[in-house]
Amino acid sequence: MDALLLVEQGLNGLQLGVMLFLMAAGLTLVFGIMDLINLAHGTFYMVGAYLTAALVPVLDSFPLALAAAVLLTALLGLVVEAVALRTLYRRDHLDQVLATFGLILFFNELVKIVFGPVPIFLNPPAALAGTVDLFGLKYPAFRLAILAVGIAVAVFLWLLIARTRVGMLIRAGATNREMVMALGVDVRRLFGLVFALGCGLAGLAGAMAGPVLAVQVGMGEQILILTFVVIVIGGIGSIRGALAGALLVGMVDTLGRALLPAAFRLVMDAANASAAGAALASMAIYVLMAVVLAIKPKGLFPAH
Amino acid sequence: MTRNLLTLASALALLATPAAADTLKIGMITTLSGPGAGLGIDIRDGFALAVEHAGGKLGGQDTQVIEADDQQKPDVAVGLANRMVERDRVQVVTGVVWSNLALAMLPTLAGGQTFFISPNAGPSQLAGAQCNPYFFNAAYQNDQIHEAVGKHVQDEGFKKVYLMAPNYPAGKDGLAGFKRYYKGEVAGEVYTQVGQLDYAAELAQLKAAAPDAVYVFYPGGMGINFIKQYEQAGLKGAVPLFGPGFSFDQDILAAVGESALGVKNSAQWSPDLDNAANRKFVADFKAKYGRIPSMYAAQGYDTALLIDTAVKAVGGNLKDKDKLRAALASAKLQSLRGEVAFNTNHYPIHNIYLREVVKGANGAVTNKTVATVFTNHADAYVKDCPMK
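What counts and how
- Per chain, residues are indexed from 1 in the order of the written sequence.
- For naming, the first written chain is A and the first written ligand is 1, with later ones following in the order written.
- Local features in this predicted model are restricted to residues whose pLDDT is 70 or higher, and side-chain atom pairs enter the listing and the counts only when it is 80 or higher, whereas totals over whole chains, interfaces and linings include all residues.
- Calculation of side-chain values draws on the structure's entire complement of heavy atoms; hydrogens and water are dropped beforehand.
- Strands here mean DSSP runs of E at least two residues long; helices mean DSSP runs of H or I at least four residues long; both are numbered from the N terminus.
- How far a helix is expected to stretch is found by multiplying one less than its residue total by 1.5 Å.
- Relative accessible area decides the class of each residue, using a 1.4 Å probe on protein chains only: under 20% of the type maximum gives buried, over 50% gives exposed, and in between gives partly exposed.
- Only heavy atoms matter for contacts: two residues are in contact if any of them lie within 4.5 Å across the pair.
- In protein, a polar contact requires one atom able to donate a hydrogen and another able to accept it; more generally it is a pair of N or O atoms within 3.5 Å, and residues adjacent in sequence count only if both atoms are side-chain atoms.
- By definition, the buried area sums, over both parts, the 1.4 Å-probe accessible area that each loses when the two are put together.
- Whenever a carboxyl oxygen of Asp or Glu lies within 4 Å of a side-chain nitrogen of Lys or Arg, that contact is scored as a salt bridge.
- As a working rule, the residues Ala, Val, Leu, Ile, Met, Phe, Trp, Tyr, Cys and Pro are called nonpolar, Asp, Glu, Lys and Arg charged, and the rest polar, with Gly in that last group.
- The pairing criterion for strands is at least two bridges between them, as found by DSSP.
- Angles shown run from 0 to 180 degrees and are taken between the N-to-C directions of axes, each axis being a line fitted to C-alpha atoms and, for helices, limited to the stretch in contact.
- Only buried Ala, Val, Leu, Ile, Met, Phe, Trp, Tyr and Cys residues count toward a nonpolar core, and they belong to the same one when joined by side-chain atoms within 4.5 Å.

Its 23 residues place the ends of helix α4 (residues 93-115) of chain A 32 Å apart at the C-alpha level, agreeing with the 33 Å of an ideal helix rising 1.5 Å per residue. The set of residues buried in α4 of chain A consists of Gln96, Thr100, Leu103, Ile104, Phe107, Asn108, Val111 and Lys112 of chain A. Its buried side turned inward, α4 of chain A meets α2 (41-59), α3 (62-85) and α9 (219-234) of chain A together with α2 (37-53) of chain B. Capping the start of α4 of chain A is the job of one residue whose side-chain oxygen sits 2.8 Å from the backbone nitrogen of Leu94 of chain A: Asp92 of chain A. Of the residues flanking the end of α4 of chain A, it is Gly116 of chain A, one or two places downstream, whose phi is positive at about 90 degrees.

Pasting the structure below:
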């Protein structure tokens, strides 16, 4: 394996990590600050992707469709929070899991009724459809765009949380919710805002993933499991943890798939090596999670 | 008195009804939710259209189809199979999409003496040593579809082909089938996780291996993910892509659009096959469901036709399992792809076609038949099957 290929795989890992970060940031905020287990987080990812796919032909512009989809997903988040979730904050986690699982079923059926059961069409905008030459490495332009958006979101969240008053409340809420309430902060508004922000981020992740992946019913659940792994590794409630966890998972998953079969080929024949490598690569991130939790049971950067 | 007589008469009539006509109960266990739902829904809809064409009576019997969603999970599928046998007491179970689910469900169904007619999954195990008196396949044996592309790629003179498939029974069957007819160098043989989303790592390895063609078996959502990413990696124009019909069928083409134009793939059926039954099927399916039927829809339809043919042959007597089995096995099925006969392992002997992804008359991306690769093609495992 030459150096250029290794660089490309590194970029792939980084890009997958950034994608996961977009999902994990919202989930960890909601979990950490509102103490709400939101299984339906993947639903907003799906809604973001479907809205983008539906709006691209109408608005005739990918960036506009993306912006509109993110906004609409955040709005949907506000509505869902007010209608379905507000009553759940005082209930225990099992009730929340049940209720948000119900939301998954509801939205999956709704999307199936509106858009049909068959996956729908969404391609990258023409300007980003090809490859970009990076010092002799031909890399898909749209994946670079995902990378750029992910980094921009990370910077935005850092500024928001470290430098603004809302960010201060979010940080305080993640560390000690009761104290923030006792100080007279309108927690209801803060929760609505945080939930909408999380949903908007999930919608953004869906909109950016849509051109690369199948836009189909149930797409949210596929990525949700990975997202949970990320926030558990990173430490629940911590944006920094989400970023670290996402990059770690992205890297381990990609490099595992790239390197493990080759590594096994050194010690066994090709057919067995590819089978063993594939099996182990699909386990790699869970092994990583087990190791991290064994050393740091609260994750890498616990918020509490 | 008259009233009593009338009551008695109607009671007798009620008693007489079931003897005159057994209701044909069919368990439709298929994937109706999750990422694989497109395939299951097409099978169900194709099957329903055939029942409708038969006036609600397959083989002349009142037909009741009981739907259940297996969620693409083997444990759920086995539970449903159990329910169909024990509670609903169906005579036939169909609908299965995935080979691993078919393998899991068969012991339950065969143990309950319930016929299991697969409209899609055709694993090698059930065609060979583990063939079963209660298992039939109306669609194909997995390998057959892949063998056709293997032969085409070999005939076209490609020398260094890179192979990819998901890591499950049908994936292994697929690449084994391809290699049965392709004799050149294998530049790489990669098995990926079932349901994998991101193929960036594999595509980078693929590019580095510099093959002169790529063969992939990715059904459903995996196919959409792969085709999009293959084009975005700049490989589409550079390295020709081949696959079985599953990787380039209507469910996938609607989602990837022109990214798949020009790709050659294989199947036992194509929407443009020129026969009266198929023309009617495609037109009615479009009218009823508003989309071009996929091969899965055609297979659902053919499965219903097979049940129809066999039940007619036994005159509606569903109690005698041996007679019904003989009727299924000896059926000369007038399917959407012409006449299909069944081998001793209960798998079809049929033609396999080469198709090309083209832009249709109204701008919709679809498949067009370009050649017949195999005529009356039997599968490779029949010799290992102890049933005669």
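This part covers the interface of chain B and chain A. In this assembly, 38 residues from chain B lie in contact with 39 residues from chain A. Where chain B abuts chain A, roughly 3000 Å² becomes buried across the two surfaces, and 54% of that area is made up of carbon and sulfur atoms. Sorting the residues of chain B by area buried against chain A places Leu197, Lys228 and Gln232 of chain B first, and these three jointly supply 21% of that buried surface. Joining chain B to chain A, the criterion identifies four salt bridges. In this structure, the salt-bridge partner of Arg143 of chain A is Asp198 of chain B, at a minimum N-O distance of 2.8 Å. If you look at where chain B meets chain A, you find 17 residue pairs in polar contact (both at pLDDT 80 or more). Put simply, the parts of the chain that give the side of chain B that touches chain A at least two residues each are α2, β8 (185-192), α8 (200-209), α9 (220-232) and α10 (250-256) of chain B. Of the residues assigned to the side of chain B that touches chain A, the class counts are 15 nonpolar, 15 polar and eight charged.

Here we take up the sheet that holds strand β4 (residues 92-94) of chain B. All names here are of chain B. In space, the six strands of this open sheet follow the order β2-β3-β1-β4-β5-β6, with mixed pairing throughout. A single partner strand is all that each edge strand has here, and the edge strands are β2 (57-58) and β6 (135-137). Two elements, β2 and strand β3 (residues 61-69), share two bridges in a ladder whose sense is antiparallel. If you follow Lys57 over to β3, its bridge partner there is Asp62. Across the sheet, helix α13 (residues 321-329) lies against β5 (115-118) and β6, angled at about 15 degrees from β5, the strand it touches most.

Moving on, we get to the pattern of salt bridges. If the charged atoms of two oppositely charged side chains come close together, the side chains can form a pair. The tally for this structure, following the rule as stated, stands at 28 salt bridges over all chains. With a closest N to O distance of 2.6 Å, Arg257 of chain A and Glu202 of chain B form a salt bridge. Remark: Glu202 of chain B occurs in helix α8 and Arg257 of chain A occurs in helix α10 (residues 239-265); the pair is interchain, linking two chains. Judged by relative accessible area, which is 11%, Arg257 of chain A ranks as buried. Salt bridges here are not isolated pairs; linked through shared partners, they connect Arg143, Asp253 and Arg257 of chain A together with Asp198 and Glu202 of chain B.

One finds Met105, Phe116, Val161, Phe281 and Ile307 of chain B to be the most contacted residues of the largest nonpolar core, which totals 95 residues. If one sorts the elements of this core by residue count, helix α12 (residues 295-313) of chain B sits on top with eleven residues. Contacts of Met105 of chain B, omitting those with residues within four sequence positions, involve Ile29, Ala77, Val78, Ala81, Val93, Val96 and Phe116 of chain B. Listed in part, the 80 residues of the second largest apolar core include Phe62, Val187, Ala202 and Ile285 of chain A.

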